[in-house]
Each structure stands twice: as structure tokens, then as C-alpha cells.
Amino acid sequence: MTMPFYVSPEQLMKDRADFARKGIARGRSVVVLAFEGGILFATENPSRALHKISEIYDRIAFAAVGKYNEFENLRVAGVRYADLRGYSYDRKDVTARGLANAYAQTLGTVFTTESKPLEVELVVAEVGATSAEDQIYRLSYDGSVADERGHVVMGGQAEQLAARLAEGWSEGLGLAAALRLATTTLGGVGTDGGLLAAGSERTIEPAQLEVAVLDRTRQRRAFRRLQGAALTAATAESTAGQTPSDTPSDTTTATDTTTEGQA
Amino acid sequence: MTGSGRLPDAFLRPGSSSFADFLAQQAPELLPGRLPARASEGGTPLAPHATTIVALVFDGGVVMAGDRRATAGTMIASREIEKVFPADEFSAVGISGSAGIGVDLARLFQLELEHYEKIEGSLLSLDGKANRLGTLLRANLPLAMQGLVVVPLFAGYDLDRGIGRIFSYDPTGGRYEEHEHHGTGSGSIFARGALKKLWKPGLAAADAVRVAVEALYDAADDDSATGGPDPVRRIWPVVATVTSAGYRRVPDDELADVVTALVAARTEGGRLA
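On a predicted model such as this, the values are computed, not experimentally measured, just so you know. (Residues numbered from 1 in each chain as written. Chains lettered and ligands numbered in written order. Predicted model: local features only at pLDDT ≥ 70, side-chain atom pairs only at ≥ 80, totals over all residues. Heavy atoms only, no water.)

**Some points on the confidence of the model for chain B**
Note: predicted coordinates in regions of low pLDDT should not be interpreted at a detailed level. On average, chain B scores 87 in pLDDT, and the residues at 70 or more come to 92%. Quick note on the complex model: pTM equals 0.86, ipTM equals 0.85. (pLDDT = per-residue confidence, 0-100.)

**Here's the deal with the interface of chain B and chain A**
Taken together, the contact between chain B and chain A spans 29 residues of the former and 30 residues of the latter. Between chain B and chain A, the buried area comes to about 2,600 Å², and carbon and sulfur atoms account for 58% of it. Inspection of the chain B/chain A interface yields four salt bridges. Here chain B and chain A share 14 residue pairs in polar contact (both at pLDDT 80 or more) between them. Sorting the residues of the side of chain B that touches chain A by element identifies α1 (9-12), α2 (19-26) and α3 (99-120) of chain B as the ones contributing at least two each. At nine residues, the largest contribution of residues to the side of chain B that touches chain A is made by α3(B). Residues that form the side of chain B that touches chain A fall into these classes: 14 nonpolar, eight polar and seven charged. (Contact = heavy atoms within 4.5 Å. Buried area = accessible area lost by both parts, 1.4 Å probe. Salt bridge = Lys/Arg side-chain N within 4 Å of Asp/Glu carboxyl O. Polar contact = N/O pair within 3.5 Å; in protein donor to acceptor, adjacent residues only side chain to side chain. Helix = DSSP H or I, 4+ residues; strand = E, 2+ residues; numbered from the N terminus. Nonpolar A, V, L, I, M, F, W, Y, C, P; charged D, E, K, R; others polar.)

**Overview of the sheet that holds strand β13 (residues 246-249) of chain B**
Residue and element names in this part refer to chain B. Pairing within the open sheet is antiparallel, and its five strands lie in the order β11-β2-β3-β12-β13. The outermost strands of the open sheet, each flanked by one partner alone, are β11 (181-184) and β13. Strand after strand, the sheet turns through a mean of 15° between neighbouring axes, direction not considered. Relative to strand β12 (residues 238-243), strand β3 (residues 61-66) is paired through six bridges, and the arrangement is antiparallel. Its bridge partner lying in β12, alanine 65 is registered against valine 239. Sheet strands touched by helix α7 (residues 205-222): β2 (53-58), β3 and β12. Its angle to β2, the strand with the most contacts, is close to 155°. (Pairing = 2+ DSSP bridges. Axes fitted to C-alpha atoms, helices over the stretch in contact; angles between N-to-C directions.)

**A closer look at α2(B)**
Where α2(B) is concerned, the buried positions are Phe19(B), Ala20(B), Phe22(B) and Leu23(B). An end-on view of α2(B) places all buried positions within 160° of arc, on one side of the element. Looking at the packing, one finds that the buried side of α2(B) touches α2 (68-88) of chain A together with α1, α3 and α4 (126-138) of chain B. At the N-terminal boundary of α2(B), the capping side chain belongs to Ser18(B), with an oxygen 3.3 Å from the backbone nitrogen of Ala20(B). (Buried < 20%, exposed > 50% of the residue type's maximum accessible area, 1.4 Å probe, protein only. Arc of directions from axis to C-beta.)

**As for the environment of Gly156(B)**
Residue and element names in this part refer to chain B. Looking at where glycine 156 falls in the secondary structure, it is placed in strand β8 (residues 150-158). Take glycine 156: its relative accessible area is 0%, and that puts it in the buried class. A C-alpha to C-alpha distance of 22 Å links glycine 156 and alanine 194, two positions 38 residues apart in sequence. Not counting chain neighbours up to four residues away, the residues in contact with glycine 156 comprise Val62, Phe90, Ser91, Leu126, Ile163, Gly164, Arg165 and Val242.

Now the structure itself:
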């Protein structure tokens, strides 16, 4: 009979983390950023049916990178969690914080007890009545939760792209400006997966993009996909630079943020 | 229901897109109509009873309307109960019968459709929705046998065919497609009589709303359990239209005008009805 080799817990956890990280870095990035009218999600995804971004509840959305079957399973669990909670209590009692906790526990348990960690990274975001009340939670394969302010990049070359996104992001962006920032950030990676220099990003066709927003102004279900003609129009507007139609929304934003800043 | 712990295995199990099925496994006590059945027939007069709902098709959609009264025996339990709800963006559901169970049934049905839509990423067909409501209703059969009957009416815009359609139900969950117009509830005999005379093919949306309000007015005239429009408290029926543009609840000021015109027309020549 052979004795199993001793593996220290540190080594075991490190191996699992490396394994999960490698899986997550393989795919394309997802960008999540807050703008004046809500929260924008964008990723490069040619498929019209297999989504990386989806609706969980009235004000809550979900974005994921990594293995499709694993995050799809988590997404369905999230929808069930939210619907059951809303049905047992009230629609108002379903919060992104509760869902993020449930996901964190699930990811953490799988990471430590099962033979293979989940190769996924998630964002659970909730849009509030004002931009100060927006919540963005980022969950890692090991169950760690980060409460992010304003913007997140995950998957692919996440670290480098996050730095670029942070540079371009400011509070109170309009939708067009936010979409422009998101597509430029995503275009920072070449088709071969290599990083492109800032300023020479590739342009991504609207048909290759999966874009959705949690729209603060919508009555009940805030989640809205931007696709087809709506997305083409929005990207055309955003690539046209500081178009006049951009300006009115930006002006209202400016006043909004000032009042918030004073409060 | 779990608090903040790990998601239970049942949540992560791949399976059906039905919220009702999930609820039956996870928390069956929350399903409407899953109360222990008793042999006696005591509960009926205690539970508020919701009454008349009408629906009729018009050119490019369907309109559904319900009065605002709930009764408990000979008492008026509520003057402003709402019995017509959006089931989803392209359909409406109205309930008559036992109010508490009916409202819960409508809530579960709304969630059922939304849950399917979120998980599958597409809408159910109108027939699929109508069948689903029948299945949910069948779960209430034991209580229906004791007198806590719920009879919904379902209407929606069929996106594939481009027309409005109406479905009626019996307490056992039987589903029947109705043509042109239909009504349920205690005042429906009178409302359906009125609809027969007032409905015409190719009605416009505004005319259809007027016909629906007039049918309810006739029902309230002869049925004590149906409430008429109340100009003193400014309580109007709930009227909703469903077209290719989606569900729209007709606003109160529009209904006030419809009711004023209706009352004026009926007062003409001292008809007094």
C-alpha cells in the first residue's frame, strides 16, 4: 500500500486558486460600470442566446465570467433565491447584499470542500434610487466578496483593463460616454488575447457585444438589454464623440452630482 | 427559507423553469390553496368574495375590467379591492371568487411567468400561459370543494397571431378559449347580457373601454355584490388594455370621463338607469 504524499494546506489552497484563476483568465472580460442613469454591463459575446449578463430581480442583475455551465447554474439559483424571497416576504426585501452573501457562502464551500473549485467570477449589482445607493459586489472563486465603487473588470486581462477603466471613469457619466468607455476598455485586448497599447484599441462591432443596463428610471424591472438597432444607435452615438445629444443628459448629471456632493 | 447561508442544493439543481414547481418542493406551505382540507363548510361567508370581471377583444388587442367591490356575506368587505392584474407585459388576469386565495393565485401566476422569462430568456406563448394558470388553479380544488372557489379570467395579446384572446376557467382548472367577449363572477350574467348587445367587431380601444365600463355598470345595477362606479369617493373600475405595445392600465381621469358620459347618456329622457 502506498502512503499518500503530504500536501500542506497552504499548497493545496494555492493550487486550487491557481487552477481557478487560470480558468477565469481564459475568457473575455466583462465590464461593469456605474453611470448617471444606472449601471452598465458590457462584454464581447457573439452569442445571442448564451448570456453572460442577466436579470435576477427588479433592481438586481448578474454578470459572470468563467465556465458557462458553472455560472449558469449559479444564475438560476440566484433567480430562484430572489423569487422565493420576494414571494415569501415582499419584493422590497430582495437585496443584492443578501444574494451576494448566499453566493459567497456557496463559492467558499465549494472551494474548500469539493475536488474542484468553481472557475467563475461574478458581479451582483443593484441599482438604487440615486447613484450613491448603487451597489456592486464582486465575488471570486474562493467566496471572497468585494464591495466595489463605480467600476469593475473581471475575466481575461482583468488587472490591466481595470487600470485603464479606472483612469477613464468618473462619477456621473452619461450612457453614451459610459458605453464608449466600456467598449474602449474591452477593445484593449486583441483578437489573439494579447494586450493592445492604450490609444490603439480595436473597435468591436455592435453584433459582437452583449450590453445591458440597470436603468434607474424604469418603474419596476430595471434590467434592459441593449441589442439590435438600439445598441447600434447607442454605439454610433458614443463613437461620434461628444455629440450634442450627449450634452443635455450630462448637464443634468452635473447638477445632480453637485447636490449629492453637498448632501 | 434560508437566511444568509450557502444556497441549498435544490437551488443549484438543474431542472424546471417553473416557479410553482420549485415552490412546491421548497416551501409547499406558501402555495395558495395548500391548506389542510376540513370536512365542514364553515369558511365561506367569512372570507371576502370578489365579484365581476369582464373582458372583450377589440381591433389589435383586448380589454379587461373589474369592479372594485368585495363582499363578505351581505356586508361590503372592501370598496376598493383590485381584481385585475398585469400577468406579464402582454397579458392580464382577473379574479373572481374567494378574494384572499384569488389575489395570492394572481401573485403566484405573475411570478411564474416572470420566473420562466428570466430563466429561459424568452416569453411563454399565450397558450402556454393560459395552460399554466389552469394548472395552478387545479391545486386549489380541495378548497374549491369546500366553497372557497376562485374563477380567474385570463386575456392577452398573442404576439404570434397579432390578436387579443380571452380564456375562461372552471374551478377544476379547465381552460376554455372564449371568442369576442366573456365575463365571470356573480354579476357576469348581467354583464354578459350587456356585452352581447354592445360588442361589435372591429371596435377601437377607446370604444372597447367604454363597452367594458358599461357592462360593469349593468352588472352593478342588478347584482348587489358588484360595485358600480363611485363618483363620490372617485372610485372607478380597474380597466386595462393589452395590445402589441403591452399592458396599460387606463388612468382614473380617463375613466372619470367615460363614466360621466355614460351616466349622462343614461339619464337622458329620464331613463334613470
